[in-house]
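Spelled out, the chains give:
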Amino acid sequence: MSTEITSTAVEGTPELVIISGMSGAGRSTAAKGMEDLGWFVVDNLPPSLIPAMVDLGARTQGAVARIAVVVDVRGRTFFDDLRSALSELDAAGVVRRIVFLEASDDVLVRRFEGVRRPHPLQGDGRIPDGIARERELLRELRGEADLVIDTSDINVHQLRARMDDRFAGSGEPQLRATVMSFGFKYGLPVDADLVVDCRFLPNPHWIPELRPHTGMDEAVSRYVFDQPGAKEFLDRYAELLHIVTEGYRREGKRYVTLAVGCTGGKHRSVAMAERLARRLTEDGLDTVLVHRDMGRE
């Protein structure tokens, strides 16, 4: 069977999503979520066969309109085959998206230990050795991903909800934004495309009457934006994001995650993220707001 995508197939080509990422990060859960949404899902398909699958989907005259393919690095020629397949798809004008599932090393180790299974790449070594090898092998693909989802701090139901949010509708906008507040003391969000720091503003934590509240409360928000530079920062960053998001649209990027940090992710970053998400929505972006670390203290 030829893997060449014909010109006839391109005219009715199905949507294509390639799901990859770290072993143990939730590829199977993401795939099941896509299947429940009506996508035709193929698990562990050799990358060299992806163009053929798209060609077959196009020949169904709309019966297979959305295809999700799960690929991993267990095949030795993974990257050579995947690079060739992506080049063939691009040359044929097929619009494809890559979803990359990520998690921290310690979380992945706990997950493998919990199910008493070895990592597929650890060989005679330990689980962390396999994770390190896989992370290095996937470094290039992660950099090319359209959407990176960090599953370190979310459960299977939350991951399914993320997939629902991204892929349930057929008329999704060109660019969707996630604005995420976080605390630097809990670590940078690994799936962030852009990160800004609100620690230049006075911390409401040191105001006794504000300490128990969050940036979602009006008193805290008013305190944050009454500080010198807060409103100017919001205005300038919103202007910059308008330029950036227009560029993302032109480049065909579908998703962007904007992280806004402060010390604990409770006051300043939450208040700023709330206002920033509102600005992006007013700018025409479909925006999701996430407060990653609120409630951890």
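This one's a predicted model, so the numbers in the text were calculated from it and none came from an experiment.

So, how was this worked out
- Residues numbered from 1 in each chain as written.
- Predicted model: local features only at pLDDT ≥ 70, side-chain atom pairs only at ≥ 80, totals over all residues.
- Heavy atoms only, no water.
- Salt bridge = Lys/Arg side-chain N within 4 Å of Asp/Glu carboxyl O.
- Helix = DSSP H or I, 4+ residues; strand = E, 2+ residues; numbered from the N terminus.
- Buried < 20%, exposed > 50% of the residue type's maximum accessible area, 1.4 Å probe, protein only.
- Arc of directions from axis to C-beta.
- Contact = heavy atoms within 4.5 Å.
- Pairing = 2+ DSSP bridges.
- Axes fitted to C-alpha atoms, helices over the stretch in contact; angles between N-to-C directions.
- Polar contact = N/O pair within 3.5 Å; in protein donor to acceptor, adjacent residues only side chain to side chain.
- Parallel < 35°, antiparallel > 145°, perpendicular 65-115°, else oblique.
- Left-handed = near helix turned anticlockwise from the far one by under 90°.
- Nonpolar A, V, L, I, M, F, W, Y, C, P; charged D, E, K, R; others polar.

Draft legend 1. Quick peek at the pattern of salt bridges. Evaluated as defined, the whole model comprises 18 salt bridges. Note that glutamate 144 and arginine 83 form a salt bridge whose closest N and O atoms lie 2.6 Å from each other. One end of the pair, glutamate 144, is in helix 7 (residues 139-144); the other, arginine 83, is in helix 4 (residues 78-91), with 61 residues separating them in the sequence. By relative accessible area, which is 32% here, glutamate 144 ends up partly exposed. Using a relative accessible area of 34% as the deciding quantity, one classes arginine 83 as partly exposed. Notably, a salt bridge pairs aspartate 293 with arginine 292, separated by 2.9 Å at the nearest N-O pair.

Draft legend 2. Inspection of helix 9 (residues 218-225) at higher detail. Taken residue by residue, helix 9 has Val220, Ser221, Val224 and Phe225 as its buried positions. Viewed end-on, helix 9 has its buried residues packed into an arc of 120 degrees, placing them on one side of the element. On its buried face, helix 9 is in contact with helix 10 (230-250) and helix 11 (268-282).

Draft legend 3. Seen up close, the sheet that holds strand 8 (residues 255-262). Taking strand neighbours across the sheet as the criterion, the 4 strands line up as 7-8-6-9 in an open arrangement whose pairing is parallel. With partners counted over all chains shown, the strands left at the sheet margins are strand 7 (194-197) and strand 9 (286-291), one partner each. With strand direction ignored, the average angle separating the axes of adjacent strands in the sheet is 20 degrees. The strands touched by helix 8 (residues 156-167) within the sheet are strand 6 (176-183), strand 8 and strand 9, with strand 6 carrying the most contacts at an inclination of about 150 degrees.

Draft legend 4. Representation of the environment of arginine 83 in the model. It is 9.4 Å that separates the C-alpha atoms of arginine 83 and leucine 141, two residues lying 58 residues apart in sequence. When near neighbours in sequence (up to four residues on either side) are disregarded, arginine 83 contacts Glu140 and Glu144. Side-chain polar atoms of arginine 83 contact the side chain of glutamate 140, separated by 2.8 Å.

Draft legend 5. Local environment of the sheet that holds strand 2 (residues 40-43). Read from one edge of the open sheet, 5 strands run 2-3-1-4-5, paired in parallel fashion. The strands lining the two open edges of the sheet, one partner per strand, are strand 2 and strand 5 (147-150). Sheet twist, expressed as the mean angle between neighbouring strand axes with direction ignored, is 20 degrees. By the bridge criterion, 6 bridges tie strand 1 (residues 15-21) to strand 4 (residues 96-102) in an arrangement that is parallel. Within strand 4, the position partnered with isoleucine 18 by the bridge is isoleucine 98. Against the sheet, helix 2 (residues 27-36) contacts strand 1, strand 2, strand 3 (66-70) and strand 4, and its axis sits at roughly 160 degrees relative to strand 1. Against the sheet, helix 3 (residues 50-58) makes contact with strand 1, strand 2 and strand 3, and its axis sits at roughly 160 degrees relative to strand 3, the strand it touches most.

Draft legend 6. Examining the packing of helix 10 against helix 11 more closely. Contact geometry for helix 10 and helix 11: axes closest at 10 Å, N-to-C directions at 40 degrees. One way to sum up the angle between helix 10 and helix 11 is to call them oblique. Judged by the sense of rotation from one axis to the other, the crossing of helix 10 with helix 11 is right-handed. Here Ala230, Phe233, Leu234, Asp235, Tyr237, Ala238 and Leu241 of helix 10 come into contact with helix 11, specifically with Met272, Arg275, Leu276, Arg279 and Leu280. Broken down by class, the residue content of the contact of helix 10 with helix 11 amounts to 9 nonpolar, no polar and 3 charged.

Draft legend 7. Representation of the pairing of strand 6. Within strand 6, 8 of the 8 residues are buried, which leaves the element mostly enclosed by the surrounding structure. Here strand 6 shows two buried faces, one formed by Arg176, Thr178, Met180 and Phe182 and the other by Ala177, Val179, Ser181 and Gly183. Bridge analysis of strand 6 against strand 8 gives 8 bridges, and the strand direction is parallel. Looking at the pairing, glycine 183 lines up with cysteine 262 of strand 8. As paired elements, strand 6 and strand 9 share 6 bridges and run parallel to each other. Counted as the bridge partner of methionine 180 is valine 290 from strand 9.

Draft legend 8. A look at unusual backbone geometry. Positioned with a positive phi, asparagine 44 is a non-glycine residue whose angle comes to about 55 degrees. Structurally, the position occupied by asparagine 44 is in the loop between strand 2 and helix 3. Even without a glycine there, the phi angle at arginine 116 is positive, about 55 degrees. By the element assignment, arginine 116 lies in the loop between helix 5 (105-115) and helix 6 (127-137). For arginine 116, a relative accessible area of 79% translates into the label exposed.

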